[in-house]
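# Structure at a glance
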Amino acid sequence: MTRPFVIVCGAALSVAVAFLALPVVAVFADAPPRELVSSLGDDAALDALRLSFECSALALAAVIVIGTPAAWLLATRRFPGHALLVTIVELPLVMPPAVAGIGLLAALGPDGILGGISGRHLVLQTAGVVVALAFVSAPFYLRLAQAGFGAVEPSLIEASRTLGAGEARTFARVAIPAARGALGAGAALAWGRALGEFGATLMFAGSFRGVTQTAPLAIYERFSTDLPAALALSAVLIAVSAGLLFTVKLAGRDAVR
Amino acid sequence: MAAVLVVAGCGGGSDQLKVSAAASLQPPFTALGGARFSFAGSDQLAAQIRAGARPDVFAAANSKLPDALYADGLVSKPVAFARNQLVIAVRRGSTIRSIAQLAPPGVAIATGSATVPVGAYTATTLARLPAAQRAAIDRNVRSRDPDVAGVVGKVMEGAVDAGFVYLTDVVATRGRLRAVRLPPALQPEVVYEAAVVRGSLHAAAARAFVRGLVDGRGAALLRRAGFEAP
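The next thing to look at is the overall build of chain A. A tally of regular secondary structure across chain A gives 13 helices and zero strands. Along its sequence from the N terminus, chain A presents helices and strands in the succession α-α-α-α-α-α-α-α-α-α-α-α-α. Looking at chain A as a whole, 39% of its 257 residues are labelled buried. Taking as baseline every contact in chain A between residues at least 6 positions apart, the subset at least 24 positions apart corresponds to 78%.

Residue and element names in this part refer to chain A. Put simply, helix α8 (residues 154-162) and helix α9 (residues 167-178) touch, their axes get as near as 10 Å, and they point 160° apart. What the angle tells us is that α8 and α9 run roughly antiparallel. The chirality of how α8 crosses α9 is right-handed. When α8 is examined against α9, the residues Leu156, Ile157, Ser160 and Arg161 are found in contact with a partner set consisting of Thr170, Val174, Ala175 and Ala178. The class makeup of the residues in the contact of α8 with α9 is five nonpolar, two polar and one charged.

Another aspect to go through is the sheet that holds strand β2 (residues 36-40) of chain B. Residues and elements named next belong to chain B. A sheet is described by the order of its strands in space; here five strands give the open sequence β2-β1-β3-β10-β4, paired in mixed fashion. The open sheet terminates on both sides in strands that have one partner only, identified here as β2 and β4 (79-84). The mean angle between the axes of side-by-side strands here comes to 20°, regardless of whether they run parallel or antiparallel. In this sheet, strand β10 (residues 190-196) lies alongside strand β3 (residues 57-60) in antiparallel orientation, the contact comprising four bridges. Opposite valine 57, over in β10, you have valine 196 as the bridge partner. Here helix α3 (residues 42-50) sits on the sheet and contacts β1 (18-22), β2 and β3; the angle it forms with β3, its principal contact strand, is near 150°.

Moving on, we get to helix α5 (residues 97-108) of chain A. All names here are of chain A. Taking 1.5 Å per residue as the helical rise, α5 with its 12 residues ought to reach 16 Å, and the 16 Å between its terminal C-alpha atoms agrees with that figure. Taken together, the buried positions of α5 are Pro97, Ala100, Gly101, Leu104, Leu105 and Leu108. The arc that holds every buried residue of α5, seen down its axis, measures 135°, which confines them to one face. The inward-facing, buried residues of α5 abut α6 (115-118), α7 (126-150) and α11 (199-205).

It is worth spelling out the environment of Leu40(A) at this point. Residue and element names in this part refer to chain A. Positionally, leucine 40 belongs in helix α2 (residues 33-40). Residues leucine 40 and phenylalanine 149 lie 109 residues apart in sequence; the distance between their C-alpha atoms is 41 Å. Not counting residues up to four positions away in its chain, the partners in contact with leucine 40 are Ala45, Leu46 and Val236.

Let us now look at the sheet that holds strand β6 (residues 109-112) of chain B. All names here are of chain B. An order of β7-β6-β8-β5-β9 is seen for the five strands of this open sheet, with the pairing classed as mixed. Unpaired on one side and paired on the other, β7 (141-145) and β9 (177-181) mark the two borders of the sheet. The mean angle between the axes of side-by-side strands here comes to 35°, regardless of whether they run parallel or antiparallel. In this sheet, strand β8 (residues 162-166) lies alongside strand β5 (residues 86-91) in antiparallel orientation, the contact comprising five bridges. By the bridge assignment for β8, valine 87 is matched with valine 165. On top of the sheet, helix α7 (residues 148-156) reaches β5, β6, β7, β8 and β9; it is set at about 140° to β8, its chief contact.

Basis of the calculations
- Residues numbered from 1 in each chain as written.
- Chains lettered and ligands numbered in written order.
- Predicted model: local features only at pLDDT ≥ 70, side-chain atom pairs only at ≥ 80, totals over all residues.
- Helix = DSSP H or I, 4+ residues; strand = E, 2+ residues; numbered from the N terminus.
- Buried ≥ 20, exposed ≤ 12 C-beta atoms within 10 Å, placed from the backbone.
- Contact = placed C-beta atoms within 7 Å.
- Axes fitted to C-alpha atoms, helices over the stretch in contact; angles between N-to-C directions.
- Parallel < 35°, antiparallel > 145°, perpendicular 65-115°, else oblique.
- Left-handed = near helix turned anticlockwise from the far one by under 90°.
- Nonpolar A, V, L, I, M, F, W, Y, C, P; charged D, E, K, R; others polar.
- Pairing = 2+ DSSP bridges.
- Expected span 1.5 Å × (residues − 1).
- Arc of directions from axis to C-beta.

So this is what it looks like as structure tokens:
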């Protein structure tokens, strides 16, 4: 008697896949192949793609280095204010990018709370792009890393402790390998979010070719003048992002086995 | 299918007039009301119309974009309804009092991108400067924003020392920003044009809206916001 239910689920899945895939398919269908190739020969487009990958990679590195031990603590300790901390860390997930941009300006802009230190070293600079990308993408990694560490078999941790390993060693040798699938998935989501970032980057870092104009900003600029070029650059960004997502997913799956 | 119909109903079922307007028109148009406004760079709005979007009215910060859409049969004959001035916006306490003061190294400037009207007007102004001065000012540009609202924001937040915007943008900040006027020889002709979009389901209301911008309540609100008569 599970048959009708399975059919309903199958229909739901078809709708979901069609809805989510249609714009992607349309970009590739509409991007003339010749434009696709010539867009890669366009210096401004290459600058934007290079900047996007460099900045998002730097942001991701920072997120992983700081986020992994932070998530470990959130996953393994219960202390007063724990729920509040988790909420604060997840807040950027539900923040509109414009709010993130305003917030970054209010915090790290020349007039911001830390403006005395940051001055104009971040705003309208490449470093500012990295900060904006890290801000919007970090919660994705933290969320999944925390869930991953939380799901590590407690007996594994205990066994490591019983064998005399300290917490640092247990963290590095047992917890991280055991949670690698979740860490990989979190990293992939965070990277994807960083690659697609638009609003916070524009508000905090501005748009200047080769310095702060990432691929999404370049696509937006091209939309008004050269739709085929905008489509071509979109197609390249989708292809590379899909490749990244897929690679990280595969790496994570292999690690779990 | 049902979901698509629901979503379509959210947009198409509305009786309200849809107006795509240049970002600089936000204060007077918001005060005017009577329509659903979409504010952005005029070039973005024109591109949306080319891509198939169908607002009822397109109001741009230049004549070039509406004229091009008219030539392609996408809008009715555009009507000039306002003028504006390109100025240099600085913060209240700034020491910048002339365009020459934008040239020294270290001054940070924001402008519109080349495709948005305010950026094109800025390029016109800069092109009239001596080559060395123009190059020096160009080197100080830190951001080329997709619309004038972004430029205003960058000046307001102190991310840059100065930005090329419209006089009305400075008026709208109610004293937080100060306008440095350009010498008449450097002032480009900034004319706003509006047109009814072809295929509008509210063509009569759209025409009335455009007419109101020329000599109705819209015109009065435009004057109060600092726009000049066309």
